[in-house]
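Breakdown of the fold
Each chain, letter by letter, is given below.
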Amino acid sequence: MRAECQHSDFRNTANQAGVRLRARLGSMLFGLLSLCWFEFASAQTIDSVRLHRAPDHTRIVFDLKGPLEHKVDRLSNPDRIVIDLKDADLGFDMNSLTLARSPINGIRIGKHESMTRVVLDMSDAVRPRTNLLKPIEPHGWRLVVDLFDSDPEPVRSMEKVVEQQAGPRPMIVALDPGHGGEDPGAIGPGGIHEKKVVLEIARRIYRLMDAEPGIQPVLVRDGDYYVPLAERRRIAAEQHGADVFISIHADAFTDPRAHGASVFSLSNRGATSARAAYLARMANDSDRVAGVYEEEKDNSGLMGVLADMTLSGSMSHSLYLGKEMIEEMGSFTRLHGNRRQVEQANFAVLREPSMVSVLVETGFISNPEESRKLQTAEHQEKIARAVLNGVRRYFEHHPAPGSWFAEQRRNGGGSVASHRIQPGETLSAIARRYSVSESALREANSLRGDLIRVGQELRIPGS
């Protein structure tokens, strides 16, 4: 019996030793594999770098394969910014970046044993700031280095605008091309970016409005850089004292057959359609895509904003403006769902009680036919003209006290609106729509009989 017990004890001891040995070997193997994986995962090659110049800062973006340990130092005499990228190789030619309009004079690269050093030679002192961004479509991991100007370009304030004006004031219209910089917006066939198309359209609208009496346009974004959503509203309302805010976009959807232009305003009852809710979510994600800092995020309380807008009347006036623009756009392009009505949703960029605010979707950039048209000068000019006509008609129908349009109504014989003739319209129908007599309509436009033509613009006399 004792021998059997001893034999059993020996066998148990041997088994335990084997278990411990296998555990030790497994632990060693796991550690070795983990070390190899860590070395593989932490060492990465950076093959893509971008540079965007904004009015008050320069942004450099390193596209990464994963998180990256980094360090940024500011040196003086001479001014330099030193960026250390740990366990990273730079496979991108930094000297291929366009440095025009930036305070960067030159870029030098140094390769060290455990890091790559990027030295930016500066013409002026800047304030550096970094942001390591997690993946979000269409980007992966990114390291953002922002260089803020110590002496940013001065912005023309509303007080200066008023000082420069003599007589009735112009109505100020803020044009906001959506997206920009790190946020390309929707991407259409052939890689066309929404941010580029809408900037071109906004510039065309600006040129038309700048030549129009009684209207002073301003551009919220005039280059390939990103402006946070809350900052867009602040620039328009506080820096420029805008009466009207127009955010310009180009739609996208998973189904390439989707088509048509549309106009949106802010909603106090939820979205008017599933598509409106979807577009609002996409637009509101822009700050995440671009990578804004905590203090730049939009923290406005929606319910308080809605209450302020209701009291100020800006929400109802946004619907009036949107209706005028829809009518104009429907004269030359298809409307989404063939609906001549303003849709509503919770667009963060429209949350400003002091302005009449709308968002214009100029068409579906995901639709091959509309994408092609949106890139042509002819179609862009038609969109710009439609926006101008809609805004002008709104100002004529709802002239603000002290404005050029109010002065025109008082001294110009009561002329308050214009109308572009659409196919199938008659002079009598147009007169009924604006509550004027046919004879007054003929007299205001020097018409003989009922002879009118499609595309002709009629001046509408006051009722």
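Heads up: the structure comes first, above all this text.
In what follows, the accompanying structure is described. (Residues numbered from 1 in each chain as written. Predicted model: local features only at pLDDT ≥ 70, side-chain atom pairs only at ≥ 80, totals over all residues. Heavy atoms only, no water.)

1. Section: unusual backbone geometry
- Residue proline 78 is reached from asparagine 77 by a cis peptide bond, and omega for that bond is 0°.
- Take proline 78: it is sitting in the loop between β4 (70-75) and β5 (80-86).
- Note the cis peptide between glutamate 137 and proline 138, where omega equals 5°.
- Looking at where proline 138 falls in the secondary structure, it is placed in the loop between β9 (126-133) and β10 (142-149).
- Unlike most non-glycine residues, arginine 101 shows phi in positive territory, near 70°.
- Counting through the fold element by element, arginine 101 comes out in the loop between β6 (88-90) and β7 (104-111).
- With a phi angle near 65°, histidine 179 is a residue other than glycine that sits in the positive phi range.
- Assignment of secondary structure puts histidine 179 in the loop between β11 (171-177) and α3 (194-210).
- Classification of histidine 179 by relative accessible area gives buried; the value is 8%. (Helix = DSSP H or I, 4+ residues; strand = E, 2+ residues; numbered from the N terminus. Buried < 20%, exposed > 50% of the residue type's maximum accessible area, 1.4 Å probe, protein only.)

2. A few points about empty space enclosed by the protein
- As enumerated under the stated definition, the model contains five cavities of 30 Å³ or more in all.
- What the largest cavity holds in volume is close to 60 Å³.
- As for the largest cavity, its lining consists of Asp176, Gly178, His179, Leu229, Arg232, Ser247, His249, Ala283, Asn284, Ser286 and Val349.
- Among the secondary structure elements, those contributing two or more residues to the lining of the largest cavity are α4 (229-239), β13 (244-251) and α5 (274-284).
- Partitioning the lining of the largest cavity into residue classes produces three nonpolar, six polar and two charged.
- Computed from the structure, the second largest cavity encloses a volume of approximately 50 Å³.
- If you go around the second largest cavity, the residues you meet are Ala261, Ser262, Ile326, His336, Arg339, Gln341 and Glu343.
- Split into classes, the residues belonging to the lining of the second largest cavity amount to two nonpolar, three polar and two charged. (1 Å grid on protein atoms, 1.4 Å probe; cavity = no way out; pocket = protein on both sides within 12 Å on 5 of 7 lines; lining within 4 Å. Points joined across faces, edges and corners; volume = space filled by probe spheres on them. Nonpolar A, V, L, I, M, F, W, Y, C, P; charged D, E, K, R; others polar.)

3. Focus on the layout of surface pockets
- In this structure, the largest pocket occupies an estimated 1100 Å³ of space.
- Forming the boundary of the largest pocket are 44 residues, of which Pro55, Asp56, Val220, Tyr225 and Ile235 lie nearest the centre.
- For the lining of the largest pocket, the secondary-structure elements that each account for two or more residues are β2 (48-53), β3 (57-63), β10, β12 (215-219) and α4.
- Top contributing element to the lining of the largest pocket by residue count: α4, with five residues.
- Looking at the lining of the largest pocket residue by residue, the classes come out as 21 nonpolar, eight polar and 15 charged.
- The wall of the second largest pocket is formed by 26 residues, among which Gly185, Ala186, Ala252, Tyr278 and Met282 lie closest to the centre.
- Every element with two or more residues in the lining of the second largest pocket is listed here: β13, α5, α6 (286-290) and β16 (356-364).

4. Examining the sheet that holds β12
- Within the open sheet, the six strands sit side by side as β12-β11-β13-β16-β14-β15. Their pairing is mixed. Looking at the sheet topology across the chains shown, the edges are occupied by β12 and β15 (343-345). Neighbour to neighbour, the strand axes of the sheet diverge by 30° on average, direction disregarded.
- Its contacts with the sheet place α3 against β11, β12, β13 and β16, and it is angled at close to 155° to β12.
- Relative to β15, α5 is tilted by about 50°, and along the sheet it contacts β13, β14 (262-266), β15 and β16. (Pairing = 2+ DSSP bridges. Axes fitted to C-alpha atoms, helices over the stretch in contact; angles between N-to-C directions. Contact = heavy atoms within 4.5 Å.)

5. Some remarks on the pattern of salt bridges
- Counted according to the given criterion, the structure contains 37 salt bridges.
- For the salt bridge of arginine 142 with glutamate 182, the shortest nitrogen-to-oxygen distance reads 3.1 Å. A residue pair is termed long-range when its members are at least 10 positions apart, and arginine 142 in strand β10 and glutamate 182 in the loop between β11 and α3 qualify at 40 residues.
- According to the relative accessible area criterion, arginine 142 is buried, its value standing at 0%.
- Judged by its relative accessible area of 2%, glutamate 182 is buried.
- Of the charged contacts, one joins aspartate 298 and arginine 233 as a salt bridge, the two residues approaching to 3.0 Å between their closest N and O atoms. Of the two residues, aspartate 298 sits in the loop between α6 and α7 (302-312) while arginine 233 sits in helix α4, which places them 65 residues apart along the sequence.
- By relative accessible area, aspartate 298 is classed as buried at 18%.
- Sharing partners across several salt bridges, the network here consists of Arg50, Asp63, Arg142 and Glu182. (Salt bridge = Lys/Arg side-chain N within 4 Å of Asp/Glu carboxyl O.)

6. Concerning the pairing of β12
- Most of β12 is tucked away, with five of its five residues classed as buried.
- Burial of β12 is two-sided: the residues Ile215, Pro217 and Leu219 facing one way and the residues Gln216 and Val218 facing the other way are all buried.
- Bridge count between β11 and β12: five bridges; the pairing is parallel. Bridging across to β12, alanine 174 finds its partner in valine 218.
- Regarding topology, α3 serves as the crossover connection from β11 to the parallel β12, and that connection is right-handed. (Right-handed = clockwise from strand over helix to strand, strands pointing away.)

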